[in-house]
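Structural overview
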Amino acid sequence: MEQLQWWLESLKGWSYVTYEILVQKLQSRHLKSPLPLPPLGDVTCVVTGSTSGIGLEIAKQLAVSRAHVVMAVRNKSAAYDLIKKWQQEYNHLSIEVMELNLLSLKSVVNFAEAWKTRSKPLQVLINNAGIYSIAEPIKISKDGYETHNQVNHLGPALLSILLLPSLAKGSPSRIINVNSIMHSMGVLDPNDLNFTSGRHKFSSAKAYANSKLAEVMFSGVLQQRIPQEVGISVVCVSPGSVRTNVARDLPKRLQAAYHLIPFFLFSPQEGARSALYAATDPQIPDYCNALRTKGWPVCAYVSCNCRIVNASRKAENFTIAEKVWENSLEMIGLPVDAVDKILQGKEVKCQFQDD
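These notes cover the structure that comes with them.

Rules behind the numbers
- Residues numbered from 1 in each chain as written.
- Predicted model: local features only at pLDDT ≥ 70, side-chain atom pairs only at ≥ 80, totals over all residues.
- Heavy atoms only, no water.
- Helix = DSSP H or I, 4+ residues; strand = E, 2+ residues; numbered from the N terminus.
- Rg over C-alpha atoms; globule rule 2.2 N^0.38 Å.
- Buried < 20%, exposed > 50% of the residue type's maximum accessible area, 1.4 Å probe, protein only.
- Contact = heavy atoms within 4.5 Å.
- Areas by Shrake-Rupley, 256 points an atom, 1.4 Å probe, with all protein chains shown as cover.
- Lys, Arg positive; Asp, Glu negative; His and termini not counted.
- Charge placed at Lys NZ, Arg CZ, Asp CG, Glu CD.
- Core = buried A, V, L, I, M, F, W, Y, C linked by side-chain atoms within 4.5 Å.
- Pairing = 2+ DSSP bridges.
- Axes fitted to C-alpha atoms, helices over the stretch in contact; angles between N-to-C directions.
- Right-handed = clockwise from strand over helix to strand, strands pointing away.
- Expected span 1.5 Å × (residues − 1).
- Phe/Tyr/Trp six-rings, centres within 6.5 Å; stacked < 30°, edge-to-face > 60°.
- Lys NZ or Arg CZ within 6 Å of the ring centre and 35° of its normal.

**Examining the overall build of the chain**
- When you go through the chain residue by residue, the secondary structure sums to 13 helices and eight strands.
- Radius of gyration (C-alpha) of the chain: 19 Å, near the 20 Å computed for a compact globule of 355 residues.
- Overall, the chain is about 50 × 45 × 40 Å in size when its C-alpha atoms are taken along their principal axes.
- Burial statistics for the chain: of 355 residues in total, 57% are counted as buried.
- Long-range pairs, those at least 24 residues apart, make up 76% of the contacts in the chain between residues at least 6 apart in sequence.
- Accessible surface, the chain as shown: approximately 15900 Å² in total, 53% of it carbon and sulfur.
- Between the centroid of the 37 positive side chains of the chain and the centroid of its 30 negative side chains there is a distance of 6 Å.

**A closer look at the nonpolar core**
- Counting residues in hydrophobic clusters, the biggest one holds 59 residues, and the most contacted among them are F111, L158, L163, L164 and L334.
- Counting only elements with at least two residues in this core, the list comes to β2 (68-73), α4 (105-116), α5 (147-162), α6 (164-169), α7 (204-225), β6 (232-237), α12 (318-331) and α13 (338-343).
- Formed by 45 residues, the second largest nonpolar core is a distinct cluster that contains M71, F266, Y277 and I284.

**Regarding the pairing of strand β4 (residues 124-127)**
- Taking every second residue as pointing to the same face, both faces of β4 are buried, with V124 and I126 on one and L125 and N127 on the other.
- Note: strand β1 (residues 44-48) against β4, three bridges, orientation parallel. In the sheet register, V47 faces β4, and the bridge partner there is I126.

**Some remarks on the sheet that holds strand β5 (residues 173-178)**
- With respect to topology, eight strands assemble into an open sheet ordered β3-β2-β1-β4-β5-β6-β7-β8, the strand pairing being mixed. Two strands in the sheet have a free side with no partner beyond their single neighbour: β3 (94-99) and β8 (308-309).
- Where β2 and β3 come together, six bridges link them in parallel fashion. When the bridges of β3 are listed, H68 appears paired with S94.
- The strands touched by helix α2 (residues 53-64) are β1, β2, β3 and β4; relative to β1, the strand with the most contacts, the crossing angle is about 165°.
- Seen against the sheet, α5 touches β1, β4 and β5 and runs at an angle of roughly 170° to β4.

**A short note on the pairing of β2**
- The buried count for β2 comes to five of six residues, which makes it a mostly enclosed element.
- Summarising the sheet, β1 and β2 pair through five bridges and their orientation is parallel. Bridge pairing in β2 links V46 to V70.
- The parallel pair β1 and β2 is bridged by α2, and the resulting crossover is right-handed.
- With respect to chirality, the unit in which β2 leads through helix α3 (residues 76-89) into the neighbouring parallel β3 is right-handed.

**Examining α7**
- The end-to-end C-alpha separation of α7 is 31 Å, in line with the 32 Å expected for 22 residues at 1.5 Å each.
- Taking burial as the measure, the 22 residues of α7 include 20 buried ones, the bulk of the element.

**Let's talk about the packing of aromatic side chains**
- What the rule picks out here adds up to three aromatic pairs.
- The interplanar angle of 15° and the centroid separation of 4.4 Å between the aromatic rings of Y132 and Y208 together place this pair among those described as stacked. A residue pair is termed long-range when its members are at least 10 positions apart, and Y132 in the loop between β4 and α5 and Y208 in helix α7 qualify at 76 residues.
- The class for Y132 is buried, based on a relative accessible area of 17%.
- With a centroid separation of 5.4 Å and 90° between ring planes, the pair formed by F195 and F202 is classed as edge-to-face.
- Residue classification places F195 among the buried positions, given a relative accessible area of 9%.
- Note that R273 overlies the ring of F266, its terminal NZ or CZ placed 5.2 Å from the centroid.

Below, the structure is given as structure tokens:
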């Protein structure tokens, strides 16, 4: 029965993906590429996974618009190479590099602690880094979690919560989670986010979709947990279907099919637009506050054509979202009231911190 439900949801989800691929360029024809941004000289942005694809374009365009950009990456040398190249094209870029590996929750804690020592405000956190290990068997991180779940959901969730004091100091500020239309095909069991119970058959597509649905649900609860007066907006965005290095990981029989549709796919620069829009558009805080006032259970969601839309209906299941919230906090080593305590200035110990 469960497998039938997955196939039905998968069929529905792939129909959404196919529709997005076919019409995204038509629906986005009003947008320029690169997306024009306002001057950002007083804004500090952390961008995860910013050495390739969409993240690279996000970091570059923010820096060109005079933001101070922190490239939070695994490969620091690749980031420094990019900065050197960019500085040859543009003047007065303000960029730095900090190490962050989402496959290690200890690395996430180390990043947050290193940032905390600066006592500086943060205006924008863009959780861009993610993985989709297409057609591969289940992999478990050293922390004991399925890798899609950890990189796409748990790691960004932990980072967002630990950086809340800096985001509050930088208010009005924003948490931007790069999501996917594939969240609509997720079939979540909040008690088995890692596919380790034996109750659910693993597939990479299912794991990716579930991780993105968990991210939307967690983001919705987070938005409700942050008091409006703190001034932090939480937004999920869909970049669209983008030409990235994901094809490198496709089975050979699928690579040819993938390369048959480049005309319909966004370039990374086009795919970066929704995150950049969410990070800079002045209407975003008002929209998020309106949702918070209404008690809407899902955070703001920005489509690939830079319009505010509703996430999938299943993301509105607040009962499951609350369970995702509780179980996710347990997995990342934080108490269920972590947000309240952190915003009140109380110290919260994460189990991945050194004693």
